[in-house]
Structure formats: structure tokens, C-alpha cells
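An overview of the molecular structure
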Amino acid sequence: MNDTPEKPSHFIREMIAADLASGKHDSVRTRFPPEPNGYLHIGHAKSICLNFGVAEEFGGVCNLRYDDTNPVKEDQEYVDAIARDVKWLGFDWDGEPKFASDYFEQMYAFATELIEKGLAYVCTLTPEEFREYRGVPTRPGTPSPHRDRSVAENLDLFRRMKAGEFSDGTYVLRAKIDMDSPNLHLRDPAIYRIRHATHHRTGDTWCLYPIYDFAHCLEDAIERVTHSLCTLEFEVHRPLYNWILENVTLPKPLPEQTEFARLNITNTVMSKRKLLELVREGEVNGWDDPRMPTLVGMRRRGYPPAAIRAFCEKVGVTKFNGLTDFALLEFCVREELNRVAERRMAVLDPVKVVIENYPEDGEEFFEAVNNPENPEAGTRQVPFCRELYIDREDFMEDPPGKFRRLAPGREVRLRAACYITCQSVVKNDQGEIEEIRCVWDPESRGGGTPDGRKVKGTIHWVSARHALSAEVRLYDRLFTEAQPDAVEDKDFREFLNPESLQVVQAKLEPGLAGFPPETPVQFERVGYFTPDPDSRPDAPVWNRTATLRDGWKGKT
RNA sequence: UGCCGAAUGGUGUAACGGUAGCACAACGGACUCUGACUCCGUUUGUCUAGGUUCGAAUCCUAGUUCGGCAACCA
């Protein structure tokens, strides 16, 4: 995926380069390890781009590995969706997708090894007692009364845990490390717990499941991962990651964990839990709602994967937990779309224009360029007749000085067509403009005149007789607050933007019929749009991906 | 209050003891058959205080602020 020419370095690239140069590793293997308990979002995209990206850059590979160690939260639906999203983003994993559950047998053996070495024990403290004994950061913990059980007894108990003799929450296996450690994660952490639950892959084979800290490092080691990249909140887990690996029998070199800052973007939320709430409570129309920061949402909205990759590259990789402006994402989206999207014309807020000196039943076609950024995209024929639609905001009865569009007595160019001059307006009883009466200059066919006179503005239009009607969904940021989940004493839902979705009935040029979803199109002078899967042949629906930058914004 | 980590313009980043640069945003201008794109320009920054050094964003000391950690979640 080398679509960004300049790749600024960052500490992870430098670390890998150094590890290769020093001979610490002779190849690179990373992994992207999602838990299949929700849909992937733009934050995951950063991790995907990093893990797959650096592996590729250094001639290595990246595994897709599902961290499915908690059957009560995970589901096959998510497994499938995650694989689709990773591929859509443009990456491919090494071999088959991997699953933590593939290693349950090996992990059980490693746990047994720990017990045999006197480094793990079965504890029957209740969860409440467990917490009490652990203590708090400022006070050391108290050893569990079961800490010194014999190896034989631990082995027997652990076997019986696996055999299903005990109920959930009664017994756990704990690593025997240091109850006085200032790092809570080292105070004899639980590594196995009992869960009589059906796992989406192993079914009812197990009633005993490993906990993240025990499982994750072993998954990495089993797969011979060299660089295990994760987010900052796992920094304090690193000593435990290393302790486990150093205390069981494993081939060298061992994987090493390195942490980087997760991605935050303004005016959205990134936690899977909160996104799930929005879905469940009907605040959005599913995980793939185009307002969601999920990959499926962005895809439906029309964000090209290349734009998301470029964004992740621009955001960089550091240990600083920042907040990236949504405008940067939009910039990347526009930059890509400007290159690839074909141009068409569409009128979102139609008002009728009548060309008085054009024959009632006449019609003709004008040739329009499909993409000025890409001559190979060719041209198309756009029909023209006596009655047209233009956007209401392209006309003003009493325009301010810098207004360059249509107004009484003013001449403008119709994009790719001809010049028209406004003669008068027709209003209804409420004083609203119903019709704009114009005359055209037949000499201006093609967009210029023999006398070479200039017009101030060019506006887009659609032939009324030939126009397609369509529903167009206009999206805006989901939240009105930059950090909706970081405002004290406020629930993030209070900042939902009531105007995040507006639906309008638009008029489209006929050439816009039949595009499949995810086709990027620029409605000239308006924005980038893409067909929604809700479209039916007789009722097209378009999503606004992004507006065009507006250098005017109603200036006077 | 314990441990871990991080602080560079409005935002995100670069610098690896030697001219604080890039991108986004904002603002001005040029160009334009898209008020888009493109081009040019402007504004704004090294958390604080000491120290080392000819020279510090960078090294040292102390402080400040922010983030993370006390699920049998990941």
C-alpha cells in the first residue's frame, strides 16, 4: 500500500529498523489482534495500517488474530465483519486468520507448567475478597490463604476446573508473582477463570478460559510474532507480559510489546461500548450508519479506503494521547475523491428556471467533462431544454457585491452549456420565488461567445424534463462537542447533533442513473456523494460523503 | 496520595547537542466554465525554574500539567 510517497519515520519504524540492523530479529512479524465483540472503527484502522504497514515495509508479514478468550462477549458476526473490513481497507494477512481459541490446549499446558514450577496456584477467594487482598496502589496486598497450596493439589484442582466440577467464579488460577508490587497487575493476577459458556468456535469444549494477560503474550509467542504493538493502556501490563513469557518454555527470540497512542477524533466517540449503545438505542441506524466512525459506516458514506490509509499515515505514531481534528480526515477524503470522482450535476434545493426564448418542445445536448483531474474519464452528453432546475441559493433578488451567481439583469454561465440572463421572477402568494424567467444567448453554446465577453459566475443545473428524482441524505458530525465523552457530569448522548442527518429531495442529471453503492461522484459545486444501498431502481438514494470546501460561505 | 507514561503554534507531528520544519485549520491574494482543484503569502509554538555546554526542544535536577492502571474485560 505505497500510496503515500513520503513516509515520515516514527519511533516504531525506527525500533524495527534497529532490531533488524542489530540482528536481534532477521524478519518481522506483527499482528492485528481484535476481539470479535464489535465492529472495527477508524481507531482500529490506525492499528491496522501500523501493523500491516510496517510489516510490509520491512519485508515481513502480519497476522490477523482474533483474541477470542471471552465467550460471553464474542460472536461470529463480528469475526466475519472484521475480516471484510481489513480487506476493504486494503490489507491481507499471512495465511489463514488465527484465533486465540486455536491455542487453548497449548495455553492450558503452559499454565500447567507454571503450576509445576510453583509459579501459579488455584485460589478460591471470592471476587470481592480477591479485590480486598490485592490492596490499593499505595498499600501492599495481602497474600491469598491459598498461595502456598502444594503443586499436587494445584494440579488436581486445575484439572477439575477444566473438567467442569466447579461453577463460575468459584475458582481461579493465579500467577504467583509479588503481592507487594507497586504495579497492581503483578499482585498475583488471575490467569484462568471458569465460564460455563458456549464459545463461538470451540462450543462447549471448554468451561475454563484464559485471561488476556496470560493469553495474549502466549498467542504472540506461539505465532512467533516479533513486534507486538498495542495501545498505551497496556503499558502497565508489559511487565506481566514479559513475566509470563520468561517463565514458560518458549523458543527465542520472544516477542516484545511496544505501546503507541490510540486515535481520537473530534466530534465522535471511539469506544466500542458507546458505539454499541448508539446502535442499540436507535440513535443511529446500525453499525454501518454513515455517521458512525466505523469502517462499515465510512464505507457506506463513501470514504475511500485510500483516504483512510492516508489519514492514518498523516496522524503519525507517538506516545502522546492527542485529539485529531476531524477536518484532517475530511481533507484526506476530499484529496482522494478530487482525483477519482467523476463529475455530475445535481440540484439539492431546486427552483425552476424558464428560458423564454427557447422553443417549447426543443432540446439539445451539451458535452461535459467527466473529471478535469483525469482526462481519461472522458466526457458525457447532458440534455438541455426550456425548463431547468438550479439551486435556490444560486439566485438572489438583491445580491450583495461579491455575489457571482444569478440575479435580476445578470448573466451567468450554466456549467458546460450556455449563458443565460435573468429577466424576472415569478412569486407565489407567500412571496416565495416559484420561477426564474431568463433568456439565453444561442451564440454562447458550449460556454463562450464570439464576442469573448466574460460572465462572473458559473452555476450548475439540471434539465427539468430529463431530471431524475432522488433522495439525498446530508450528513454532518454526529456530536456537537469536540470530546462528547470527556465533559464532566454530562452523558455523551447529550451532545448528539440533532442535525447530523438531513434528507432532501433532489433533481439529478439523467447520467446519474444506475451507479452501484460506493461509486464516488462529485456533484459539481456541491460535494462528493455516493449511492446508498437503500437505493431502488425507481427510488435512488444518495449519501453525501463530504461537502466541497466553500470559499464563499455567504460572504458579502 | 503509589506505579507507568507523555508534554513543540488552534490541531496532529518533525528535530536524535548546531538555522524550530511539515501537514491540517484560519486569514489574505492569484487563477478558474466548479466561489472546487492549483498556486502564492500571513498569523500562531518548544510546560516552568534551575543546571551542564561555545551552543539545549534535545542532556541533568526539581516542579507543573495531562493521560493510563485498583474486571475472574480486552
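Residues numbered from 1 in each chain as written. Chains lettered and ligands numbered in written order. Predicted model: local features only at pLDDT ≥ 70, side-chain atom pairs only at ≥ 80, totals over all residues. Heavy atoms only, no water.

**Let's talk about the domain arrangement of chain A**
We count it as follows: Segmentation of the chain into domains, including their bounds, is taken from an automatic or database domain assignment. Should any heavy atoms of two residues lie within 4.5 Å, those residues are considered in contact. Once two parts are brought into contact, the accessible area they lose, counted with a 1.4 Å probe and summed over both, makes up the buried area.
On domain assignment, one finds that chain A holds domain 1 (11–260), domain 2 (272–342 + 470–547) and domain 3 (346–460). Each of domain 2 and domain 3 has a C-alpha centre, and the two are 30 Å apart. Listed per partner, the contact involves 20 residues of domain 2 and 20 residues of domain 3. Across the domain 2 to domain 3 interface the summed buried area is about 1500 Å²; carbon plus sulfur atoms make up 51%. On the domain 2 side of the interface with domain 3, the three residues burying the most area are Lys507, Glu524 and Arg525, jointly 40% of the side's total.

**Structural notes on empty space enclosed by the protein**
Stated precisely, the cut-off is as follows: Within this scheme a cavity is a closed region of a 1 Å grid, computed over the protein atoms alone, that accommodates a 1.4 Å probe without allowing it to escape, whereas a pocket is open but has protein on both sides within 12 Å along at least five of seven lines; lining residues each have an atom within 4 Å of a point. Grid points are joined across faces, edges and corners, and a volume is the space filled by probe spheres set on the points.
Per the counting criterion, the structure on display carries 3 cavities of 30 Å³ or more. Volume-wise, the second largest cavity comes out at about 170 Å³. As for the second largest cavity, its lining consists of 16 residues, of which Thr268, Arg291, Met292, Pro293 and Phe326 are closest to the centre.

**What to know about the side chain of Glu509**
Selection criterion: The numbering of helices and of strands both runs from the N terminus, where a helix is a DSSP run of H or I of at least 4 residues and a strand a run of E of at least 2. Whether a residue is buried, partly exposed or exposed follows from its accessible area with a 1.4 Å probe, protein chains only, as a fraction of its type maximum: under 20%, in between, or over 50%, in that order. As used in this structure description, the phrase polar contact means that two N or O atoms lie within 3.5 Å; if the pair is within protein, one of them must be able to donate a hydrogen and the other to accept it, and residues adjacent in sequence are counted only when both atoms belong to side chains.
Here Glu509 is to be found in the loop between β22 (501–508) and β23 (521–523). The class of Glu509 is buried, set by a relative accessible area of 2%. Within the structure, Glu509 has its side chain in polar contact with the side chain of Arg380 (distance 2.7 Å). In contact with Glu509, other than residues within four places in its own chain, are Arg344, Met345, Arg380, Val382, Val462 and Leu468.

**Describing the environment of Thr249**
Take Thr249: it is sitting in the loop between α8 (238–246) and β9 (256–260). Sequence separation between Thr249 and Glu113 is 136 residues, and the spatial gap between their C-alpha atoms is 8.3 Å. Excluding its chain neighbours within four sequence positions, the residues that come into contact with Thr249 are Phe110, Glu113 and Lys117. For Thr249, the side chain forms a polar contact with the side chain of Glu113, separated by 2.7 Å.

**Re the sheet that holds strand β3 (residues 98–99)**
For clarity, the threshold we go by: Should DSSP find at least two bridges between two strands, the strands are regarded as paired. The axes are straight lines fitted to the C-alpha atoms, using for helices just the contacting stretch, and the angles between their N-to-C directions are given from 0 to 180°.
As summarised here, the arrangement of the 3 strands in space is β1-β2-β3, forming an open sheet in which the pairing is parallel. Two strands bound the open sheet, and with one partner strand each, they are β1 (29–32) and β3. Taken together, the 2 bridges between strand β2 (residues 61–66) and β3 define a ladder with parallel strand orientation. Paired with Arg65 across the strands is Lys98, a residue of β3. Along the sheet, helix α2 (residues 42–57) makes contact with β1 and β2, crossing β1 at roughly 160°. Relative to the sheet, helix α3 (residues 76–89) contacts β1, β2 and β3, its axis offset from that of β2 by approximately 160°.

**Some words on the packing of aromatic side chains**
Applicable threshold: Centres within 6.5 Å are what make two rings of Phe, Tyr or Trp a pair, Trp counting through its six-membered ring; a difference in plane orientation under 30 degrees is then read as stacked, over 60 as edge-to-face, and the rest as tilted. Distance and angle both matter: a charge sits over a ring if NZ of Lys or CZ of Arg is within 6 Å of the ring centre and within 35 degrees of the ring normal.
As enumerated under the stated definition, the model contains 23 aromatic pairs in all. Where Phe104 meets Trp206, the ring centres are 5.9 Å apart and the plane angle is 80°; that geometry is what we call edge-to-face. Residue Phe104 is found in helix α4 (residues 104–116), and its partner Trp206 is found in the loop between β6 (190–194) and β7 (208–210); the two are separated by 102 residues along the sequence. Like Phe104, the residue Trp206 is buried in the burial classification. Site record: aromatic cluster; members linked through ring pairs are Phe104, Tyr108, Phe158, Tyr192, Trp206, Tyr209 and Phe214. The ring of Phe99 carries Arg201 above its face, with NZ or CZ at 3.5 Å from the centroid. One residue, Arg405, lies across the ring of Trp552, its end atom 4.5 Å from the ring centre.

**A few points about the sheet that holds strand β20 (residues 461–463)**
Strand pairing in a sheet relies on backbone hydrogen bonds, with the paired strands running either antiparallel or parallel. Spatially, 7 strands are ordered β19-β16-β17-β18-β12-β15-β20 in an open sheet, and the strand pairing comes out mixed. A single partner strand is all that each edge strand has here, and the edge strands are β19 (458–459) and β20. Of the strand pairs in this sheet, strand β15 (residues 387–391) and β20 are connected by 3 bridges, and their pairing is antiparallel. Following the sheet pairing, Leu388 is matched in β20 by Ser463.

**Observations regarding the nonpolar core**
As a reminder, the rule being used: We define the nonpolar core as a collection of buried residues of types Ala, Val, Leu, Ile, Met, Phe, Trp, Tyr and Cys that are connected through side-chain atoms lying within 4.5 Å of one another.
Met107, Phe158, Leu173, Tyr192, Phe214 and Leu218 are the most contacted members of the largest nonpolar core, which has 38 residues in total. Those elements that provide at least two residues to this core are α4, β4 (120–123), α6 (151–163), β5 (172–175), β6, β7, α7 (212–222) and α8. The element best represented in this core is α4, accounting for 7 residues. Those residues within four positions of Phe158 in sequence are excluded, and the remaining contacts are Tyr108, Ala111, Thr112, Ile115, Val122, Leu173, Tyr192 and Leu208. Counting residues in hydrophobic clusters, the runner-up holds 37 residues, among them Ile42, Val79, Leu89 and Trp93.

**Concerning the protein's contact with RNA strand B**
Note the cut-off: We call a residue near a given molecule or strand whenever any one of its heavy atoms falls within 4 Å of it. In this classification, the charged set is Asp, Glu, Lys and Arg, the nonpolar set is Ala, Val, Leu, Ile, Met, Phe, Trp, Tyr, Cys and Pro, and all remaining amino acids, among them Gly, are polar.
Looking at RNA strand B, there are 67 residues lining it, with Glu14, Arg195, Gly446, Gly447 and Arg525 nearest. Expressed as a percentage, the sugar and phosphate content of the atoms of RNA strand B within 4 Å of the protein is 63%. Between RNA strand B and the protein, one listed contact pairs a sugar or linking oxygen with a side-chain N or O atom of His185 at 2.8 Å. Note that a base nitrogen of RNA strand B is positioned 2.9 Å from one of the side-chain N or O atoms of Arg405. For the surface near RNA strand B, the secondary structure elements donating two or more residues are α5 (127–134), β6 and α12 (326–340). Residues that form the surface near RNA strand B fall into these classes: 25 nonpolar, 18 polar and 24 charged.

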